[in-house]
Amino acid sequence: MYWKVILGAIVFNSIAFQDTESKEHQGSCRHFSDALDIEGKKLVQNLLSSKAKFKTRLLLFVGMPRTGHSLIGALLDGHKNVIVSNELDLLHWGSYKASKVFSGIISNSVYCAKVAHREQAGYNFDMPGSWQGSWEGDNVSYIGDKKGGGTVGVFLGNFERGWEKLQSLKTAVGLNVTLIHVERNAFDTIGRQYIRRLWEMKRPQLPYNSTLAKNQASTKTKVQRRILWSIASHYEEMLNMIHKIRRKAVADGMQWVEISSEQFSKNPLGSVQDLCYELKIECTTSFVKQVEALVAPMSSPSQILKWPPKLVEELRRTDRRLSSFSVPLIETNTSL
């Protein structure tokens, strides 16, 4: 495609995302330990028993960075029958032992809720009064890890190798797999990644401030526009891989759940009820109220930026749903 020709000599592409991921691992809710209290150890033993295979599923996330996986992971961790850790990045582990996987997920969930209060990358996903970092008895329907973009990254390097890692994890824990894909329109996804990337290039040592980052974002210079094109190119690559993972997963009998972050923001009540129905978990009145209190209206970072017309055309060709979504354009007629 046109932008790939332009970006032939540009080194921002996947390196930019790798740098972003490595910096974010310094966040407050990324923590690994397999140390557990008595209740945690008891749950691990229950999950290792044969009966767990009939009532518990392994939950993983697949998708783009900056689309809302953290929100969905945090609110699901607030359900009494779901345990979700934050970015243990399971598919990057060298080998798997069921007890270590379960212990790591449970320990991280507890740490994120009780110590870090679900703070991550400048955002707070705490749900007071919920089941975050805890669970009801041994009745766990889902246990898993929230790591969307990193999961796709494993497959981008080598699809067969990525699938082999997923199957190895599935075999080790002995559970069927559910994959959640949280999607957001391309312009806002790319725009948010771009704004975050500019901040990290200018202020690598400072905590991320989304309001200040948005106020200072611009596409005025050629270098800035090249970065924007680079992120868009990586977006297309990831989108194609997500479609490929979905086809393979569904064909292999895995459950695939689609969530629209825009729809979740507009209608949290209906969206969480739909999600509970998809996952076949109880949607109690208290859980719904806690989710409604957590979900806030979404901003539209794409409207802050001025976009190169040729890039907008390319994105609309990639996804026809974007034809009705308008963004501000750069006035000058330039390919970058």
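In what follows, the structure referred to is the one given above.
The structure presented is a predicted model; accordingly, all values stated were derived computationally and were not measured.

Trainee: Account for the pattern of salt bridges, naming residues and giving values.
Mentor: On inspection of all chains with the given rule, the structure shows 13 salt bridges. The salt bridge involving K100 is made with D34; its shortest N-O contact spans 3.5 Å. Note that K100 is positioned in helix α6 (residues 98–114) and D34 in the loop between α2 (13–24) and α3 (38–48), a separation of 66 residues in sequence. Take K100: its relative accessible area is 37%, and that puts it in the partly exposed class. Residue D34 is classed as partly exposed on the basis of its relative accessible area of 39%. Among the salt bridges present, the one from K80 reaches E282, with a minimum N-O distance of 3.0 Å. Taken together, the residues K80 in the loop between α5 (69–77) and β2 (82–86) and E282 in the loop between α13 (268–279) and α14 (285–294) connect sequence positions 202 residues apart. You can call E282 partly exposed: its relative accessible area is 45%. Among the ionic contacts, a cluster of salt bridges with common partners joins K80, E136 and E282.

Trainee: So what's going on with α13? Which residues, and what values?
Mentor: With twelve residues, α13 extends 16 Å between its outermost C-alpha atoms, agreeing within 8% with the 16 Å of an ideal straight helix rising 1.5 Å per residue. Turning to α13, its buried residues are P268, G270, S271, V272, L275, C276 and L279. Those residues of α13 hidden inside the fold are in contact with α5, β5 (142–146), β6 (176–183), β7 (255–260), α12 (261–266) and α14. Just downstream of α13 lies K280, where phi reads positive at about 60°.

Rules behind the numbers
- Per chain, residue numbering runs from 1 following the sequence as it is written.
- Reporting of local features is limited, given that this is a predicted model, to residues whose pLDDT is at least 70; pairs of side-chain atoms are given and counted only at 80 or more, and all residues count toward the totals for whole chains, interfaces and linings.
- Hydrogens and water molecules were not included; the side-chain quantities draw on all heavy atoms of the structure.
- Throughout this description, the term salt bridge denotes a Lys or Arg side-chain nitrogen within 4 Å of a carboxyl oxygen of Asp or Glu.
- Secondary structure elements follow DSSP: runs of H or I of four or more residues count as helices, runs of E of two or more count as strands, with numbering from the N terminus.
- In this scheme, a residue with accessible area under 20% of its type's maximum is buried, one over 50% is exposed, and one in between is partly exposed, where area comes from a 1.4 Å probe on protein chains only.
- Expected span of a helix: the number of residues minus one, times 1.5 Å.
- By the convention used here, residues are in contact when the closest approach between their heavy atoms is within 4.5 Å.

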